[in-house]
Structure formats: C-alpha cells, structure tokens
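Take a look at the letters that make up each chain.
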Amino acid sequence: MEPAASVVIATRDRPGHLAESVSSVLRSPGEDFELLVVDQGASGEGEAALASHLHDPRLRYVRTDERGLS
C-alpha cells in the first residue's frame, strides 16, 4: 500500500542540517508517510549522518554523484 504522503529532502554536502531535518520529519505524528532523501553530495557524509535512521522503513535514501542545475 502506498503512503498517504511523501516528504522529499534534497541535499548537497550539509550532513549536520540533513540529520536534523530527517530527525524532525521522522518525529512527526503518524506513520503513513515516506521520507525520500536525495543526496547529491560529493563528500558522502550524508549517509553517515543518517546512520541511526537508516533502519526506519519510512526512510528511503538515494545518493547520486550527478549534480543538477545550480
């Protein structure tokens, strides 16, 4: 079954802010949502910053080396 809502966080090389943002969303009431994090960071620190949340089934983490338009 699809979640009722999707939250998308796009980020690039800001692991501290990313961890804070993800924690805030995952503390939201209710369970019927998905959180998609798209990390375009070159450093690779985003995944490490989310290590404590990666087990949460509502979180999908995608890392890409492709940089979109700035």
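Preceding this paragraph is the structure being described.
Below or above, wherever it landed, is the structure these notes cover.

The rules behind each value
Residues numbered from 1 in each chain as written. Predicted model: local features only at pLDDT ≥ 70, side-chain atom pairs only at ≥ 80, totals over all residues. Heavy atoms only, no water. Pairing = 2+ DSSP bridges. Helix = DSSP H or I, 4+ residues; strand = E, 2+ residues; numbered from the N terminus. Axes fitted to C-alpha atoms, helices over the stretch in contact; angles between N-to-C directions. Contact = heavy atoms within 4.5 Å. 1 Å grid on protein atoms, 1.4 Å probe; cavity = no way out; pocket = protein on both sides within 12 Å on 5 of 7 lines; lining within 4 Å. Points joined across faces, edges and corners; volume = space filled by probe spheres on them. Nonpolar A, V, L, I, M, F, W, Y, C, P; charged D, E, K, R; others polar. Core = buried A, V, L, I, M, F, W, Y, C linked by side-chain atoms within 4.5 Å. Buried < 20%, exposed > 50% of the residue type's maximum accessible area, 1.4 Å probe, protein only.

**Topic: the sheet that holds strand E3 (residues 59-63)**
Logical step 1: What the three strands build is an open sheet, ordered E1-E2-E3; its pairing is parallel. Looking at the sheet topology across the chains shown, the edges are occupied by strand E1 (5-11) and E3. Averaged over all neighbouring strand pairs, the angle between strand axes comes to 15°, with direction disregarded.
Logical step 2: As judged from the five bridges shared by strand E2 (residues 33-39) and E3, these two strands associate in the parallel manner. Looking across to E3, one finds that Leu 36 is bridged to Arg 60.
Logical step 3: Seen against the sheet, helix H1 (residues 15-26) touches E1 and E2 and runs at an angle of roughly 170° to E2.

**Examining empty space enclosed by the protein**
Logical step 1: One pass over the full model with this rule turns up one cavity of 30 Å³ or more.
Logical step 2: Within this model, the largest cavity holds a volume of roughly 40 Å³.
Logical step 3: For the largest cavity, the full set of lining residues is Thr 11, Asp 13, Arg 14, Pro 15, Leu 18, Asp 39, Gly 41, Ser 43, Gly 44, Glu 45 and Gly 46.
Logical step 4: The set of elements that each furnish at least two residues to the lining of the largest cavity consists of H1 and helix H2 (45-49).
Logical step 5: Among the residues forming the lining of the largest cavity, the class breakdown is two nonpolar, five polar and four charged.

**Some words on the nonpolar core**
Logical step 1: Counting residues in hydrophobic clusters, the biggest one holds eleven residues: Ile 9, Leu 18, Val 22, Val 25, Leu 26, Phe 33, Leu 35, Val 37, Leu 50, Leu 59 and Tyr 61.
Logical step 2: Secondary structure elements with two or more residues in this core: H1, E2 and E3.
Logical step 3: Not counting residues up to four positions away in its chain, the partners in contact with Leu 50 are Leu 18, Ala 19, Val 22, Val 37 and Tyr 61.

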